[in-house]
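Fold and contact review
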Amino acid sequence: MSSLRYTRALAAGCAALRGVARQQVRQSCNTCTNRRCLSLAAAAQQQARTKISQTPANAVMSATRTSDSLHLVFGDGTSSDLPYVWLRDNCQCAQCFSEGALGRKLLMQDLDLNVKPALISESERGVTVEWTDGHYSEFTGEWLYDRAFTPTSRTRRRHQFAYTREPWGADHRLPEYDYERMMKDDKVLLDWLITMEKKGSAMVKNAPDRDIAGPELIEHIAYVKPSHYGPHSPVINRPESNNVAFTNAKLGMHNDLAQYEHMPGIIFIHCLKQHIGTGGESVIADGLLAAEILRKSNPDAFHVLTATDAYFWDKGRANYSWEMPEFYKISRHPILTLDSNNDVCRVSLNNAVRDSFLDLPAHKVKSFYAAMKLFNDILYDNSLVFKMDSGDIMTLDNVRCLHGREGYEALSERHIESSYLDWDEARCRRRRLQEKLGANDRK
Ligand SMILES: [Zn+2]
């Protein structure tokens, strides 16, 4: 190679090397810039995350007007349409709502179904609405978020109203509670209240040997629900008894006081003295489970029990001074009552007080009996049989679970006392205890 060619080659090589070097520098700079961009993006994301985590879930992030609703986006990213008529109906101003009574003052006759906002302004703290009629409403984000028409909000309120019932069968074991602990420890009482809503059944152990121990426990929770048998009734073998329960005969499984339109919610069956020897065993079953088995296995029979009104009646005179001197009850309802979701919300089966009058055409009578008998068979197929100990109080959801007893020898002493508590009062106590204890079991 000549020196000239060598020099040119060297120059070209150097140029190529410089090009590579420039490229490397450029790449290096790009990498550097990219890294910087990435770190800025990460920081922004982190900042956004921090902002989101700092923003309360119930903060109002945006409010958009639609034709008949206000569309809100909350701090946790959830959103909901809030119909104007609902917002106006729930105006929280002193003219429309009583802060002291927590009740609506606005009258239905004064509510305009087509009410529209003239002006909306929102901030993280809430929403203010000026309506076309000049009325002015303010809502906090917390108030709106709690009541928004979102699945979360609707489910939360549904559970605050009542726990989901959990059906049980023959393998069920009654959860046990100690009487004194229920009286002294609110946490234990709350646990019992929740168990009763879910399972509709529990056993309270070690009750004092007093005939009013059941009513005393009920009074600790709320109020005794009295009946024409008084605030509590001795279920003993009474001479000239005014109810077949007050004998020593076998009692088929039943719900108490089906002869009442408003049947007692929870029954407290206190065993003060248990019969010695055979007989007197308790038998209980979950009417909810039996109803669902019937619904699946025989929809026609299920329909008959939900669509046929039965009469229940109870006519008599007092056995004791605390009973109503003369009574004559008649109630009318299906054996299985359905709510608006087609869920069974009341079971009322009671062979003793079921009336001989049937408001049915004759050709429908036999299918009604067939359906009742089938339901009764399912109940017994899925029942528990056990003997209560002296000092036990069996508590049952009386509009869901059924109880009965085997017959027993009349010569042996057996003393049961029954008393009642209504569901309104039980759930009321549960909600207040949850607030007091800061406990919100949402299972
Ligand atoms: Zn108002």
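A short tour of the structure in this document, coming up.

About the cut-offs
Residues numbered from 1 in each chain as written. Predicted model: local features only at pLDDT ≥ 70, side-chain atom pairs only at ≥ 80, totals over all residues. Heavy atoms only, no water. Helix = DSSP H or I, 4+ residues; strand = E, 2+ residues; numbered from the N terminus. Buried < 20%, exposed > 50% of the residue type's maximum accessible area, 1.4 Å probe, protein only. Contact = heavy atoms within 4.5 Å. Pairing = 2+ DSSP bridges. Phe/Tyr/Trp six-rings, centres within 6.5 Å; stacked < 30°, edge-to-face > 60°. Donors = N, O, S within 2.8 Å, 3.2 Å for Na, K, Ca; no water. Tetrahedral: all angles 85-135°; square planar, octahedral: opposite > 155°, others 65-115°. Salt bridge = Lys/Arg side-chain N within 4 Å of Asp/Glu carboxyl O. Axes fitted to C-alpha atoms, helices over the stretch in contact; angles between N-to-C directions. Parallel < 35°, antiparallel > 145°, perpendicular 65-115°, else oblique. Left-handed = near helix turned anticlockwise from the far one by under 90°. Nonpolar A, V, L, I, M, F, W, Y, C, P; charged D, E, K, R; others polar. Core = buried A, V, L, I, M, F, W, Y, C linked by side-chain atoms within 4.5 Å.

Attention now moves to the overall build of the chain. From N to C terminus, the chain includes 11 helices and 22 strands. A burial count over the chain gives 44% of its 443 residues as buried. Considering only contacts in the chain between residues 6 or more positions apart, those separated by 24 or more positions represent 73%.

Moving on to the pairing of strand 21 (residues 401-405). Where burial is concerned, most of strand 21 is hidden: 5 out of the 5 residues are buried. With burial as the criterion, each face of strand 21 is covered, one bearing C401, H403 and R405 and the other bearing L402 and G404. Pairing between strand 14 (residues 282-286) and strand 21: 5 bridges, direction antiparallel. Across the sheet, the residue bridging to S282 is R405, located in strand 21.

Our next topic: the packing of aromatic side chains. Scanning all chains against the criterion turns up 9 aromatic pairs. Look at Y84 and W131: their rings are 6.5 Å apart centre to centre, the planes differ by 80°, and that puts the pair in the edge-to-face class. Of the two residues, Y84 is situated in helix 2 (residues 84-89) and W131 in strand 7 (residues 126-131); the sequence distance between them amounts to 47 residues. Between W86 and W143, the aromatic rings sit 5.5 Å apart at their centres with planes inclined by 35°, giving tilted as the arrangement. With W86 in helix 2 and W143 in helix 3 (residues 141-147), this pair connects stretches of sequence that are 57 residues apart. Accessibility classification places W86 together with W143 in one group, the buried group.

This part covers the coordination of the zinc ion. Within the protein, the atoms that donate to the zinc ion are C91 (SG), C93 (SG), C96 (SG) and H135 (NE2), at distances of 2.0 to 2.2 Å. Around the zinc ion sit 4 donor atoms, and with donor-metal-donor angles ranging over 104 to 116° the site reads as tetrahedral. Site description for the zinc ion: donor spacing in sequence, C-x1-C-x2-C-x38-H.

This part covers the pattern of salt bridges. Applying the stated criterion to the full structure yields 18 salt bridges. The residue D392 makes a salt bridge to K205 at a minimum N-O spacing of 3.0 Å. Remark: K205 occurs in strand 10 (residues 201-205) and D392 occurs in strand 20 (residues 392-397); sequence separation between them is 187 residues. Exposure remark for D392: the relative accessible area of 3% places this residue in the buried category. When salt bridges that share partners are traced, they join E197, R427 and R430 into one network.

On to the sheet that holds strand 12 (residues 251-254), then. Read from one edge of the open sheet, 4 strands run 12-21-14-19, paired in antiparallel fashion. For this open sheet the edge positions go to strand 12 and strand 19 (384-386), each flanked by a neighbour on one side alone. Neighbouring strand axes in the sheet, compared pairwise and without regard to direction, differ in orientation by 15° on average. Two elements, strand 12 and strand 21, share 2 bridges in a ladder whose sense is antiparallel. By the bridge assignment, H254 is partnered in strand 21 with H403. Set on the sheet, helix 8 (residues 287-297) makes contact with strand 14 and strand 21; between it and strand 14 the angle comes to about 55°.

Attention shifts here to the packing of helix 6 (residues 186-199) against helix 11 (residues 423-437). Put simply, helix 6 and helix 11 touch, their axes get as near as 10 Å, and they point 135° apart. The orientation of helix 6 with respect to helix 11, classified from their angle, is oblique. Our pair here, helix 6 against helix 11, has a crossing hand that is left-handed. Contacts from D186, K187, L189, L190, L193, I194, M196 and E197 in helix 6 reach W423, A426, R427, R429, R430, L433, Q434, K436 and L437 in helix 11. Partitioned by chemical class, the residues of the contact of helix 6 with helix 11 number 9 nonpolar, 1 polar and 7 charged.

Read across the open sheet, the 6 strands follow the order 9-10-20-13-22-11; overall the sheet is mixed. Both outer strands of the open sheet, strand 9 (176-178) and strand 11 (233-235), are each paired with one neighbouring strand and no more. Pairwise comparison of adjacent strand axes, ignoring direction, gives a mean angle of 25° for this sheet. Packing of helix 6 onto the sheet brings it into contact with strand 9, strand 10, strand 13 (266-273), strand 20 and strand 22 (415-421), and relative to strand 10 it is tilted by some 150°.

A separate point is the pairing of strand 7. Where burial is concerned, most of strand 7 is hidden: 5 out of the 6 residues are buried. Pairing analysis gives 6 bridges linking strand 6 (residues 117-123) to strand 7, with the strands arranged antiparallel. Within the sheet, the bridge partner assigned to S121 lies in strand 7 and is T128. Where strand 6 folds back on strand 7, the antiparallel hairpin that results is connected by 2 residues.

Another point: the nonpolar core. By size, the foremost hydrophobic cluster in this structure holds 56 residues, and its most contacted members are W192, I335 and F375. Of the residues forming this core, the biggest block, 7 residues, is contributed by helix 6. When neighbours within four sequence positions are excluded, W192 is seen to be in contact with Y177, M182, A202, V204, I221, I266, F268, T395 and L421.

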